Amino acid sequence: GKEGVERSGSGDGSSALPRRRTVREKKMNDVYGFPLRSPPAMMLGEGQDKSAEEKRRQCDEDEKHYRKKWEKEWPAPLKGVVPKLSTDPGGGGSGGGGGGAFGGVAAWLRFRHLKSMCRQGVPAPFRRVVWYEASGAARIAREESAHVQYGLLSSDGAEHENQIELDLPRTFPDHPWYQSEGGQSALRRVLVAVSKYCKDTGGYCQSMNYIGAFLLLAMDKEEEKVFWVMVCVIREKVLSSTWSKHLSGCLIEMDTLGTLLRKREPRVAQHLEAIGCDVSYFSTDWFLCLYCKSLPSETVARIWDSFLLEGPKVLFRVALAIIKLSKKQVLACTNPGDVLTTLKGAQSALHDRCKLMDLAFNGLGSLPIQKIQKYRSRSKLEVDTTLSKRGSYGKED
């Protein structure tokens, strides 16, 4: 388990209340063991001039109230988990809908309560259980348990085993556990299992290593639960072709983000177009690594608190919020390289997870999944046409 956390009861995802004990955290490391770094002031977005540690402490204070609320209500919030938010094969959970879609008004209200609590942040000791249940991973594991065994899937022999071996030492090189044999072995087993199980959607793809590595840290290194969460993400939370041979799902999402940017931040969109900076230049990792590689781990965890429950619209809300936070700096850029440098610096400094998520959920207006699906449909036509002209479109996409 994660340093500084103990749990009562069994380790099978039961609803026993986690117990926390105080452990002196290493100076300049975050809760998941990543070193904290403060980039140069010129690379920070508006309002990001505080030190990383100061912003983290402020967020911790802001989240204390909600942590107490989780502890007081536990495990009742998990009653808000619904069987499946959407059967849409393209986009995963819708994060909305009427009472009928949830089996009645009472179930819908319970879901809304869980959604609210997840948006306020799931305390780190609860994430292992909440993510496993709220994502739908526990449901899939129960459905598949009769004929799927993680131990067998995670053994050697995957089609993409060579690529996985190459990616292991490259994954989070600044995290000591992933430079150890134990960390790399755990990540190898998860990725091999995912590669085998999800071979119909392309198997393993570079970028999945960051997702698996982040989940192992956030979910107390419980490999089998991490495996099922990754399966759930691939099957239900993102476009099924996101990690296909030609990454067509990722291309669709980036084009959709471009549409949203033109409608929500037209001045930024016009400026990017004027200097020749396509959205894909800076958003590829957002949709391939699901922010795991781009932002501080504690901020990523807050995104995943909601993403695993609500689905893909959270990814778009966060993308728009990141751009909005750096709007002034982006508008001052004169070429694509400057934009990439500016956004990279702003992202690495986004330790103020409370500010980011408040803007994402309360500062952007309505963003229903139905609207995203509409834009996605248009983007899919454009991506299909582009790939067909290249002669690179295949069965995998």
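Let us look at the structure shown here. Because the structure is a prediction, the values reported are computed rather than measured.

1. Considerations on the packing of aromatic side chains
The full count for this structure, using the stated rule, is 19 aromatic pairs. Between the aromatic rings of Phe 34 and Phe 172, the centroid separation amounts to 5.0 Å while the plane-to-plane angle is 80°, which identifies the pairing as edge-to-face. On the criterion of sequence distance, the pair formed by Phe 34 in the loop between strand S2 (18-20) and helix H1 (52-73) and Phe 172 in the loop between helix H6 (161-167) and helix H7 (181-197) is long-range, its members being 138 residues apart. In this structure, Phe 34 and Phe 172 share a single accessibility class: buried. Considering the side-chain rings of Phe 172 and Tyr 178, the 6.3 Å spacing of their centres and the 45° angle between planes classify their relative orientation as tilted. What makes Phe 172 buried here is its relative accessible area of 7%. Within the aromatic cluster, the residues linked to one another by ring pairs are Tyr 32, Trp 131, Phe 214, Trp 304 and Phe 307. Seen from the ring of Trp 177, Lys 221 lies directly overhead, with NZ or CZ sitting 4.3 Å from the centre.

2. Some details on unusual backbone geometry
Glycine aside, negative phi is the norm for most residues, and most peptide bonds take the trans geometry. With an omega of 5°, the peptide bond running from Trp 74 to Pro 75 counts as cis. Positive phi outside glycine occurs at Ser 207, with the angle close to 110°. Its location among the elements puts Ser 207 in the loop between H7 and helix H8 (208-218). For Ser 207, a relative accessible area of 6% translates into the label buried. With a phi close to 75°, Tyr 291 is a non-glycine residue in the positive phi region. In this fold, Tyr 291 is placed in the loop between helix H12 (280-288) and helix H13 (297-310).

3. Section: the pattern of salt bridges
Under the definition given, this model contains 20 salt bridges. Two residues, Lys 225 and Glu 222, come together in a salt bridge whose shortest N-O distance is 3.3 Å. Under the relative-accessibility criterion, Lys 225 is labelled buried at 9%. Among the salt bridges present, the one from Glu 265 reaches Lys 324, with a minimum N-O distance of 3.0 Å. Highlighted residues: Glu 265 in the loop between helix H10 (248-264) and helix H11 (266-274) and Lys 324 in helix H14 (residues 313-325), separated in sequence by 59 residues. A residue is classified by how much of its surface remains accessible, and Glu 265, at 7% relative accessible area, is buried. Taking relative accessible area as the criterion, Lys 324 reaches 32% and is therefore assigned partly exposed. Taken together, the shared-partner salt bridges connect Arg 56, Asp 60, Glu 63, Glu 298, Arg 302 and Arg 353 into one network.

4. What about the packing of H12 against H14?
Close contact between H12 and H14 brings their axes to 11 Å; oriented N to C, the two are set at 145°. In this structure, H12 meets H14 at a crossing whose hand is right-handed. Within the contact between the two elements, H12 uses Phe 282, Trp 286 and Phe 287 and H14 uses Leu 315, Phe 316, Ala 319, Ile 322 and Ile 323.

5. A closer look at the state of the cysteines
Within this structure, the stated rule accounts for zero disulfides. The thiol sulfur of Cys 205 is not disulfide-bonded, and the nearest other cysteine sulfur, from Cys 250, lies at 9.0 Å.

Cut-offs used in this document
Residues numbered from 1 in each chain as written. Predicted model: local features only at pLDDT ≥ 70, side-chain atom pairs only at ≥ 80, totals over all residues. Heavy atoms only, no water. Phe/Tyr/Trp six-rings, centres within 6.5 Å; stacked < 30°, edge-to-face > 60°. Helix = DSSP H or I, 4+ residues; strand = E, 2+ residues; numbered from the N terminus. Buried < 20%, exposed > 50% of the residue type's maximum accessible area, 1.4 Å probe, protein only. Lys NZ or Arg CZ within 6 Å of the ring centre and 35° of its normal. Salt bridge = Lys/Arg side-chain N within 4 Å of Asp/Glu carboxyl O. Axes fitted to C-alpha atoms, helices over the stretch in contact; angles between N-to-C directions. Left-handed = near helix turned anticlockwise from the far one by under 90°. Contact = heavy atoms within 4.5 Å. Disulfide = S-S within 2.5 Å.

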